[in-house]
Amino acid sequence: MDAPRDHHGLPTWAPGSKDAVGTSLGSSRLWFTLAEAIVTEVYYPRLDIPQIKDLGFIVADDRGFWVELRKHADYTVALEDDFIPAVTITHRHERFRLRLRVCPHQFRDALLIDVALESEDETLRPYVLLAPRPGGDTERCIGEALHDRGRHVLWAEAAPFGVALAARTPEGRDAFARISAGCVGASDGWQDFNANGRMTREYDRAAGEVALMGELPRRTTLALGFGASKESAATLAAAALAQDFEAIWRAQIEAWTRWAATVNVPDLPEPLGAAFKRSAMVLKTHGDRSFLGAMVASLAVPWGETSTSRGGYHLVWPRDLVESAGALGASGACNDARDVLRYLLATQQADGHWHQNQWLGGKPFWDGIQLDETAFPVLLAGMLADADELAGIPVTGMVRRALAYLIAHGPGSAQDRWEEDAGINCFTLAIMIAALVEGAQFLDGAERELALLVADNWNARIEHWNWVEDSSLTERLGVPGYYLRIVPVETLYREDAKEEDLLIKNRSYDNLLPAEDQIATDFLQLVRYGLRRADDPKIVASVRAVDKLLRTETPNGPVWHRYNHDGYGEHKDGRPFDGTGHGRGWPLLTGERGHYALAAGEDPLPYLEAMAAMAGAGGMIPEQVWDAEAIPERGLYPGRPSGSAMPLVWAHGEFIKLAVSRERGEPCDRPARVWERYHGERPAVDWRLWTLHFRPRRIAPGEGLRLLLSASATVHWGVNGWQKIRDTETRDMGLGVHMATLPTRRLPAGSTVELTFRWRDGAKWQGEDYRVEIGT
């Protein structure tokens, strides 16, 4: 029985497997590993759960000479095509040449590696080293080197996951000679070579943190199988080896060629055209096949050599997911974007929000709330609707719940997009405002009116909340003011809240800095989404500020930090991030700065060139690059990948978007209705919103006051010490909001409004009086 396939002939599951993801995915991560000489993690049968830590090779002559290839820097990486994860890695040494071709099986949960060693020295042999981590478990893992059903096999199991490695010669015979199972750091194969210069140990069983090794002939094919047990994994590996490797290789190429035909590549000079194709491939390879539409943020663990994190970036972040879907959709792969939207519909919570991040099946990992992640799926629905690509996906219920959540909890968010602080942030504001405007197209009547009303109000208040002048940095940077990184939620009702210290996470010292002294690049989203113009004086001043404070020049081009005093990155001496560190430059932010350059009338080509130049040897764009003096002993060089996650899928999505935007002459992800409504101008709004969590203490003369309550109520209010008391009934606006408009526009400066309300359901009074001043 053939496995069902997705839109382009890529398998959606493999018969007999548990939560199979389709083996067209795993080869890319192994390629990343061998190409970048970093720890690999291949994910079978679940993309989000690691099954091995690494797989590598030693070449030795059994007489004392040996070379571990992951530490040997002379290698090349070649793709059959930049769109296709069928990879050839060639290692060159003065004594040998080792070619590895890496390819997944199209119908089985098995990864194939074709090995060819060439040397005039007939004594040289390759040895494969496998560090299994079935289910990410090193405590219950049992590894064995044994005969199973008449063939040598290396396998490991930690229920309910199993991993198995088998090998065959070109003639179809069992290829393993000597095999061994050991404990990492004690009896594993690497320790054997390190102590003896050759393979001397042949242990048949190990427990805990296990490493397996096998001696191979000079020409062989390996199959790494993944299953619900060691036996099922071994069956998949052996069955994969019963098929000719060349046939498997061709099937991979044919399936990915069909998918590549759906992607529109902009006119770019080389090597940027190749980088665009690889970026599209990276996005596709990070998608799951059981949970179609789910994409993990990266198949890497930041600073994975020293990290003990089980989650790493092998999780779904709704923000990263929609950013990636937007890139795929912008490049023509709308089938993939629709799958993402369907997945998001399935994982939205009943109250309208999405988890901060989650396993593929929707189980939460972290439990924070980031309001941009509630807004982004609405923008994806709007993008597909504008392209007439919704294809009958029922989005109205999702949009209604999401917008209701945003209105009930915004404009402050419990976390910003960097998952660090609560407050009001320009990036999050831009996404939420855009979602309210774009989402209004799916609503009718009072609900549409409410969404646009809230969007206009928040848009009009951005500078009041997030702009500062006359701070300690304005004179130093030579600017009249700038947009702040984030301000405390108290800014909604206390104008001096910007002066309060705001915690900077990931720093071991000096981790408190006034909010008004913290600058980030997040305000650039205001221009990208059409809320402010590129030549707005406040935008221009802020760009000057971040270019002076956050920009670093590297040999590969400029890169920007997230914000000043950031602590997420290697320490200054190059030690890996360990909970604290020193922030580094992000190629992602180079792309975002490029989008501003485009809006300002510049050619963003230099920003694309910088992003591509900062990629690793295999073309993968990292989360961060090293941006200080080189530390060769730690492998850290200016403008080159640091030990952070690589690839960062979001960064590859940004590269694609910037390339498409350059071709179109405008941001490809700028929401159409937002631009139509605002054209980059701050809206003129002569009323203020009042909610129980957003209670302005002062409004300007001539402003109206609109109360948004969570249930039907009678607003009981008066002026100047409860004089001229009257009652105003709320109106049901939908989206869980009931609105009352108080006629405050004619009240003179210095007046006060006192109010409370009685809930109609049960006729209970709120039990608290509130006061609003009419300012001067």
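Provided above is the structure to which this section pertains.
Small disclaimer: the values here were computed from a predicted structure and weren't measured.

## A few points about the environment of glutamate 389
Along the chain, the position of glutamate 389 falls in the loop between helix H8 (371-386) and helix H9 (396-409). We classify glutamate 389 as partly exposed; its relative accessible area is 25%. For glutamate 389 and asparagine 425, which are 36 residues apart along the polypeptide, the C-alpha to C-alpha distance reads 31 Å. Leave out the neighbours within four places in its chain, and glutamate 389 touches Cys334, Arg338 and Leu384.

## Focus: the state of the cysteines
For the coordinates displayed, the defined rule picks out zero disulfides. Residue cysteine 141 stays outside any disulfide, its sulfur separated by 9.7 Å from that of cysteine 183, the closest cysteine.

## A closer look at the pairing of strand S10 (residues 161-168)
Within S10, eight of the eight residues are buried, leaving the element largely enclosed by the surrounding structure. Where strand S9 (residues 151-158) and S10 come together, five bridges link them in antiparallel fashion. Residue pairing for S10: alanine 156 is matched across the bridge by valine 163. The antiparallel pairing of S9 with S10 creates a hairpin that spans two residues between the two strands. Two strands pair when backbone bridges link them, and S10 and strand S14 (residues 219-227) are joined in this way by seven bridges, in the antiparallel orientation. The residue bridging alanine 166 from the neighbouring strand is alanine 223, located in S14.

## A few points about the packing of aromatic side chains
Following the criterion strictly, the structure yields 25 aromatic pairs and no others. Taking the centre distance of 6.0 Å and the plane angle of 75 degrees together, the rings of tryptophan 317 and tryptophan 366 count as edge-to-face. Placement of the pair is tryptophan 317 in the loop between helix H5 (272-285) and helix H6 (318-330) and tryptophan 366 in the loop between helix H7 (334-347) and H8, with a sequence separation of 49 residues. Looking at tryptophan 366, the relative accessible area reads 38%, which means it is partly exposed. Each residue in the set Trp303, Trp418, Tyr568, Phe577, Trp586 and Trp650 is aromatic and connected to the rest through ring pairs, giving one cluster. Stacked on the ring of tryptophan 249, the Lys or Arg arginine 101 has its end atom at 5.1 Å from the ring centre. Directly above the aromatic system of tryptophan 467 lies the positively charged group of lysine 538, at a separation of 5.3 Å from the ring centroid.

## Comments concerning helix H15 (residues 587-599)
Here H15 is 13 residues long and its end C-alpha atoms lie 19 Å apart, about the 18 Å a rise of 1.5 Å per residue gives. Counting buried positions along H15 yields twelve of 13 residues, so the element is predominantly enclosed. Within H15 the residues assigned to the buried category are Pro587, Leu588, Leu589, Thr590, Gly591, Glu592, Arg593, Gly594, His595, Tyr596, Ala597 and Leu598. On its buried face, H15 is in contact with helix H13 (524-528), helix H14 (537-549), strand S20 (557-560), helix H16 (605-613) and helix H17 (649-664). Trailing H15 by a residue or two, glycine 601 shows a phi angle of about 95 degrees, which is positive.

## Digging into the sheet that holds S14
Read across the sheet, nine strands follow the order S3-S4-S5-S6-S14-S10-S9-S8-S12 without closing on themselves; strand pairing throughout is antiparallel. This sheet does not close on itself; its edge strands, each paired only once, are strand S3 (75-81) and strand S12 (205-207). On average, each strand axis in the sheet is inclined to that of its neighbour by 20 degrees, with strand direction left out of account. Pairing of strand S6 (residues 110-118) with S14 involves seven bridges; the strand directions are antiparallel. From the neighbouring strand, aspartate 114 faces S14, where its bridge partner is threonine 221.

What counts and how
Residues numbered from 1 in each chain as written. Predicted model: local features only at pLDDT ≥ 70, side-chain atom pairs only at ≥ 80, totals over all residues. Heavy atoms only, no water. Helix = DSSP H or I, 4+ residues; strand = E, 2+ residues; numbered from the N terminus. Buried < 20%, exposed > 50% of the residue type's maximum accessible area, 1.4 Å probe, protein only. Contact = heavy atoms within 4.5 Å. Disulfide = S-S within 2.5 Å. Pairing = 2+ DSSP bridges. Phe/Tyr/Trp six-rings, centres within 6.5 Å; stacked < 30°, edge-to-face > 60°. Lys NZ or Arg CZ within 6 Å of the ring centre and 35° of its normal. Expected span 1.5 Å × (residues − 1). Axes fitted to C-alpha atoms, helices over the stretch in contact; angles between N-to-C directions.

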